[in-house]
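Fold and contact review
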Amino acid sequence: MDSRYFSDKVVEWYVRHKRDLPWRDTTDPYKVWLSEIILQQTRVKQGLPYYLDFIKMFPTVWDLASAPEQRVLRLWQGLGYYTRARNLHKCAKVIVSSFDGQFPKSYKELLELPGIGDYTAAAIASFSFKEPVAVVDGNVFRVLSRVFGIKAEINSPAGKRIFASLAEGLLNKEMPDSHNQALMEFGALNCIPKNPPCLTCHLRPHCYAAQEGLQSILPMKVKSKPPRSRYLYYLVVRRRKSLLMRKRNDRDIWHGLFDFYSIESFQPISRGSLQAKIRQALGENVRLDDVSISASYKHILTHQVIHARFVLITGKLDHSEDKNLKFYTFERINDLPKPVLITRFLSDHKSFYS
DNA sequence: AAACCGGGGTT
DNA sequence: AACCCAGGTTT
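If you're wondering where the values come from, they're calculated on a predicted model, not measured in any experiment.

Criteria and cut-off values
- Residues numbered from 1 in each chain as written.
- Chains lettered and ligands numbered in written order.
- Predicted model: local features only at pLDDT ≥ 70, side-chain atom pairs only at ≥ 80, totals over all residues.
- Heavy atoms only, no water.
- Near = heavy atom within 4 Å.
- Polar contact = N/O pair within 3.5 Å; in protein donor to acceptor, adjacent residues only side chain to side chain.
- Phe/Tyr/Trp six-rings, centres within 6.5 Å; stacked < 30°, edge-to-face > 60°.
- Helix = DSSP H or I, 4+ residues; strand = E, 2+ residues; numbered from the N terminus.
- Buried < 20%, exposed > 50% of the residue type's maximum accessible area, 1.4 Å probe, protein only.
- Lys NZ or Arg CZ within 6 Å of the ring centre and 35° of its normal.
- Salt bridge = Lys/Arg side-chain N within 4 Å of Asp/Glu carboxyl O.

The next subject is the protein's contact with DNA strand B. The environment of DNA strand B is made up of 22 residues, and the closest members are Tyr81, Pro157, Ile253, Thr302 and His303. Backbone atoms, meaning sugar plus phosphate, form 60% of the atoms of DNA strand B positioned within 4 Å of the protein. A distance of 2.9 Å separates a base nitrogen of DNA strand B from a polar atom in the backbone of glutamine 41. Within the side chain of histidine 299, an N or O atom sits 2.7 Å from a phosphate oxygen of DNA strand B.

In this section: the packing of aromatic side chains. Tallied over the full model, the rule gives 15 aromatic pairs. Pairing tryptophan 33 with phenylalanine 103 gives two aromatic rings, centres 5.2 Å apart and planes at 55°, and the pair type is tilted. Pair noted here: tryptophan 33 is in helix α2 (residues 29–39) and phenylalanine 103 is in the loop between α6 (83–99) and α7 (107–110), with a separation of 70 residues, a long-range link. Residue tryptophan 33 is classed as buried on the basis of its relative accessible area of 0%. One residue, arginine 239, lies across the ring of phenylalanine 327, its end atom 4.0 Å from the ring centre.

Before going further, it helps to spend a moment on the pattern of salt bridges. As enumerated under the stated definition, the model contains twelve salt bridges in all. The partner of aspartate 8 in a salt bridge is arginine 4, with the nearest N and O atoms 3.1 Å apart. One end of the pair, aspartate 8, and the other, arginine 4, are both in helix α1 (residues 3–17), four residues apart, so they sit about a helical turn from each other. For aspartate 8, a relative accessible area of 34% gives the class partly exposed. Between arginine 19 and glutamate 185 there is a salt bridge, with its nearest N and O atoms 2.8 Å apart. Taken together, the residues span a long stretch of sequence, with arginine 19 in the loop between α1 and α2 and glutamate 185 in helix α11 (residues 176–189) at a distance of 166 residues. Accessibility expressed as a relative area gives 28% for arginine 19, which makes it partly exposed. What makes glutamate 185 buried here is its relative accessible area of 2%. What you see here is one network of salt bridges that share partners, running through Arg230, Arg246, Arg248, Asp252, Asp259 and Glu264.

Structure follows, in structure tokens:
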């Protein structure tokens, strides 16, 4: 199929079916950038309220750059992949301090900024500055693999190169913004992962997968390893109107977020050995007649399964060798950025902490 | 090249 | 319960 014909067909579909989304009303690179970072690995329905909150709280890149990182993380709470939020903040600071608040206009320069990779650089360059570069996101992988019958695996380095070069060849350089938007929107709404409506699709006559009935196996992927299990035993220590919280600063999950002191292992810990570890961590003055689990959550992530157990602790704390441990009042805890798991626990135990 | 990094949704 | 969505950085 001719490149131009393909592009025209998809854009034609886009004009009739596109969603009305706030970041499509503008070419302001700040808004385009913010929306693209939020929308990485995140569906529009989930990301939209966060986008609106961020624009309200930080209307310009200067507002975002001058905010404390904790406020940015707090606003990001619940979205996941928190390095996105830290890079968002870092990038805003770079834009203000090194670029006078103006985003660089080329794909190549955008690529140098923190948190901006191939996809996001191409999105900003084409949407805001009409640079003729092709975006290749999960939707584009899916549409191209099906329409052109590309069986290369979309998550292998070699496969990615194949799709990137195909996408570049297909790009309509006269209107890269509409072309890119159209291809992604078509993938998001019509050429969907499961049970796509091929029978009513206007690309059907030109689509390899639809003709061969292969839409369920395209795109191809190499499958990943099963996730590993982790066991987190959270010690919930209350002192009057305060809870002992800890800022996670190690190179691990939830970096920069607040949770409770925890004993962590890749295997479940027995009652007796947990009791010993608690004494070792908190000292002899902790009252430990029992280490009953007051709550238990299974938190399924892409690469790991977290088994979280919460143990309520009474008595006083002897040593706190961990400098990140500190008591925070209940009111203050609301402002701390926390993993969803902790938010869930606090919400389930309102009577305990308020 | 492979591993790591969270949330949520659908079947 | 099993599976799906998926871009950027680090190792």
